[in-house]
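Below are the chains, spelled out letter by letter.
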Amino acid sequence: MRVELLRGTSDPEELACRCARGDYSDRWVGSDRSFADVMASVDGETIEEKKQTLLEHLFRSGHFGPFEHPTATFAVEEVSRSCMAQLTRHRHASFDVQSLRYTELDGDPEELFCFPPSFTDEETVSREGVSTANMSAAEREGVADDLYEHSIDAYRRLLDAGVPKEDARMVLPLGTTVNLTFTMNARSLMHLLDMRLKADAQWEVRDLSKGVLRECKEWMPHTFERYEQQHPNKLAP
Ligand SMILES: Cc1cc2nc3c(=O)[nH]c(=O)nc-3n(C[C@H](O)[C@H](O)[C@H](O)COP(=O)(O)OP(=O)(O)OC[C@H]3O[C@@H](n4cnc5c(N)ncnc54)[C@H](O)[C@@H]3O)c2cc1C
């Protein structure tokens, strides 16, 4: 899996602060007013300190609306169709998903399908806790290998017989990997992380969320470092 911030609103924290200041300012906060002027009455020696003060105030007071202005687009490579289904449950996002009507699977099953750690690790971890599988790692991996090889073989044979791609894909398993892009605003991203970094979320969507958080900390450092220290967990009622 790879997660990359493809593009984000530039100066996202300045934008969130500018919009938030507009709530309490007699004057407009348009671009002909300097950011320093917009932030003049906020505590802090430097503009970075002032931004931090205001963003902290927004978090503390539960004023999350200003975080809806900056948006970010992520490219995600090779997640299972199961993980994709979890991600696309989040409705305040825009998605583009690699289509199996227009692309064909071909190649090594190791690269086309997802192999969860519980197929090979000695101990398996799930929402029920840690346990030990009563089948060796080699046997478990063998079960997955057989199924994946069988299903890619069935898929290829149907394609070769002239079955359209959109129908041949029906024999593929949930572990088939997919690439996608998605766009969300910073508030919705925090909600996504609230839900999907939870210990009882599945390992794959948690890994994806860790990648999103890593990228968000580069993009909006004050906001997402603050978020990481203390998850609000109340961005949505
Ligand atoms: C550990 C875990 C297990 C899960 N298991 C299951 C499962 O077994 N089955 C299953 O179906 N789902 C499951 N889900 C998915 C979950 O129920 C949500 O659908 C998903 O996390 C999307 O989050 P959300 O509902 O907060 O909505 P989002 O789409 O992220 O929206 C954010 C917020 O906007 C508001 N909102 C959005 N749309 C509406 C609306 N139409 N009406 C009112 N308010 C709205 C809500 O306040 C919502 O919290 C699971 C999620 C997790 C994290």
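Residues numbered from 1 in each chain as written. Predicted model: local features only at pLDDT ≥ 70, side-chain atom pairs only at ≥ 80, totals over all residues. Heavy atoms only, no water.

Visitor: Go over the nonpolar core, please, and point to the residues and values.
Guide: Grouped together as the largest cluster of nonpolar side chains are 40 residues, with contacts concentrated most on Phe67, Phe182, Leu189, Val212 and Phe224. Secondary structure elements with two or more residues in this core: α1 (12-24), α3 (47-61), β2 (71-80), α4 (81-87), β6 (177-185), α8 (186-196), α9 (203-219) and α10 (221-229). Core analysis: the next-biggest nonpolar cluster, separate from the first, contains eleven residues, Leu100, Tyr148, Ile152 and Leu159 among them. (Core = buried A, V, L, I, M, F, W, Y, C linked by side-chain atoms within 4.5 Å. Buried < 20%, exposed > 50% of the residue type's maximum accessible area, 1.4 Å probe, protein only. Helix = DSSP H or I, 4+ residues; strand = E, 2+ residues; numbered from the N terminus.)

Visitor: Residue-level account of the side chain of arginine 21, with values.
Guide: With respect to the helices and strands, arginine 21 occurs in helix α1. The buried charged residue arginine 21 lacks any salt bridge partner; its closest oppositely charged side chain belongs to aspartate 37, at an N-O distance of 8.8 Å. One polar contact links the side chain of arginine 21 to the main-chain carbonyl oxygen of valine 38, over a distance of 3.0 Å. With residues near it in sequence (within four places) discarded, arginine 21 still touches Val29, Val38, Met39, Ser41, Val42 and Leu54. (Lys, Arg positive; Asp, Glu negative; His and termini not counted. Salt bridge = Lys/Arg side-chain N within 4 Å of Asp/Glu carboxyl O. Polar contact = N/O pair within 3.5 Å; in protein donor to acceptor, adjacent residues only side chain to side chain. Contact = heavy atoms within 4.5 Å.)

Visitor: Tell me what's going on with α10, and back it up with residues and numbers.
Guide: Of the residues making up α10, those classed as buried are His222, Thr223, Phe224, Arg226 and Tyr227. Considering only its buried residues, α10 is in contact with α1, α3, α8 and α9.

Visitor: Any chance you could break down a negative patch on the surface for me, citing the residues and the numbers?
Guide: The grouping of Glu78, Asp108, Glu110, Glu111, Asp146 and Glu149 at the surface amounts to a negative patch. Of all the secondary-structure elements, those providing two or more residues to the negative patch are α5 (109-112) and α6 (137-160). Checked against the element boundaries, glutamate 111 lands in helix α5. Taking the relative accessible area as the measure of exposure, glutamate 111 reaches 54% and is therefore exposed. (Patch = residues over 30% accessible without salt bridge, like charges linked within 9 Å, V, L, I, M, F, W, Y side chains within 5 Å. Areas by Shrake-Rupley, 256 points an atom, 1.4 Å probe, with all protein chains shown as cover. Charge placed at Lys NZ, Arg CZ, Asp CG, Glu CD.)

Visitor: Outline the site of the ligand, listing residues and values.
Guide: The environment of the ligand is formed by ten residues, the closest being Arg89, His90, Arg91, His92 and His191. At 2.8 Å, a side-chain N or O of arginine 89 approaches an oxygen atom of the ligand. For the ligand, whose free accessible area comes to 930 Å², the fraction covered by protein is 53%. Residues of the shell around the ligand, tallied by class, amount to three nonpolar, three polar and four charged. (Near = heavy atom within 4 Å. Nonpolar A, V, L, I, M, F, W, Y, C, P; charged D, E, K, R; others polar.)

Visitor: How would you sum up the pattern of salt bridges? Please name residues and give values.
Guide: Per the stated rule, a full pass over the model turns up 16 salt bridges. Between arginine 2 and glutamate 77 there is a salt bridge whose closest N-O contact spans 2.8 Å. One end of the pair, arginine 2, is in strand β1 (residues 2-8); the other, glutamate 77, is in strand β2, with 75 residues separating them in the sequence. With relative accessibility at 28%, the residue glutamate 77 sits in the partly exposed group. The salt bridge involving arginine 101 is made with glutamate 166; its shortest N-O contact spans 3.1 Å. Of this pair, arginine 101 sits in the loop between β3 (94-97) and α5 while glutamate 166 sits in helix α7 (residues 165-168), placing them 65 residues apart in sequence. The class of arginine 101 is partly exposed, set by a relative accessible area of 39%.

Visitor: Can you lay out the pairing of strand β4 (residues 123-126) for me, pointing to particular residues and giving the numbers?
Guide: As paired elements, β4 and strand β5 (residues 129-132) share four bridges and run antiparallel to each other. For serine 126, the partnering residue across the bridge sits in β5 and is glycine 129. In this structure, the hairpin formed by β4 and β5 is closed by a connection of two residues. (Pairing = 2+ DSSP bridges.)

Visitor: Any chance you could break down the sheet that holds β2 for me, citing the residues and the numbers?
Guide: Spatially, the four strands line up as an open sheet ordered β1-β2-β6-β3, and their pairing is antiparallel. If you trace the sheet from one side to the other, it starts and ends with β1 and β3, each paired once. Mean inter-strand twist for the sheet, computed between neighbouring axes without regard to direction, equals 20 degrees. Taken together, the four bridges between β3 and β6 define a ladder with antiparallel strand orientation. Residue pairing for β6: phenylalanine 95 is matched across the bridge by phenylalanine 182. Seen against the sheet, α8 touches β2 and β6 and runs at an angle of roughly 130 degrees to β6. (Axes fitted to C-alpha atoms, helices over the stretch in contact; angles between N-to-C directions.)

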